[in-house]
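The primary structure of each chain is shown beneath.
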Amino acid sequence: MENNIQFEMLKPELYNTYIEIGTKAYDQHYKHLWPNGDTATYIKNSFTKETLLIEEKDKDTVLYLIKLNSKHVGILKVTLHKQLQDYSKSDALYLDKIYILNEFSGKGIGSKTLKFVEQIAADHSKKAIFLESMQKGMALPFYLSHSFSIVANTKVPFNNVIEEEKPMYLLKRSL
């Protein structure tokens, strides 16, 4: 299965697919964070053509569609150069988003995606990969099982997220 997973760099003609997959995957995994399951604030900040056009101009942002065989099953967003903790922009890579559709979870896609991100980090001579994960939920044990460690407490930056659902961890994996 893992050999059938590919990463397609986002191009303008695939924006609608990225928006559709990202929105659906986010809603499948994170609706519980929002009052009445209304994820509009996050979607507006992450999955619109306007947002993608801005991110496309940012040389530090790289967006991918994740494919299994020939089907788009998830999205990936990486910030190539980001200062985090004691790491300079040139030493740290930030894994901003891995969202995989529910029906494709548990098929090795997340693990293969982490290997892909690790290769990106190696190609840019990074010393560490950082990401944020909800303190509750299935993502945290996944990242911990892939050699990430908790280095700080953070929280979801949107005011209208349910307060008890906001806690997140900043995780790091040294390279």
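Residues numbered from 1 in each chain as written. Predicted model: local features only at pLDDT ≥ 70, side-chain atom pairs only at ≥ 80, totals over all residues. Heavy atoms only, no water.

Student: Break down helix α1 (residues 15-30) for me, with residues and values.
Tutor: For an α-helix the count is 3.6 residues per turn, leaving residues at separations of three or four pointing the same way. An ideal rise of 1.5 Å per residue puts 22 Å on 16 residues; α1 measures up with 21 Å between its terminal C-alpha atoms. Within α1, the full set of buried residues consists of Y15, Y18, I19, I21, G22, T23, A25, Y26 and Y30. Contacts made by the buried residues of α1 are with α2 (40-46), α3 (49-57), β2 (61-68), β3 (71-79), β4 (92-100) and β5 (128-134). (Helix = DSSP H or I, 4+ residues; strand = E, 2+ residues; numbered from the N terminus. Expected span 1.5 Å × (residues − 1). Buried < 20%, exposed > 50% of the residue type's maximum accessible area, 1.4 Å probe, protein only. Contact = heavy atoms within 4.5 Å.)

Student: Could you give an account of the packing of α1 against α3, with specific residues and numbers?
Tutor: To describe two helices that pack against each other, one gives the angle between their axes and the distance between the axes. Direction vectors running N to C along α1 and α3 enclose 115°, while the axes themselves pass 10 Å from each other. If you check the angle between α1 and α3, you find them roughly perpendicular. Remark: the crossing between α1 and α3 carries right-handed chirality. Across from Y15, N16, Y18 and I19 in α1, the residues of α3 making contact are K49, L52, L53 and E56. (Axes fitted to C-alpha atoms, helices over the stretch in contact; angles between N-to-C directions. Parallel < 35°, antiparallel > 145°, perpendicular 65-115°, else oblique. Left-handed = near helix turned anticlockwise from the far one by under 90°.)

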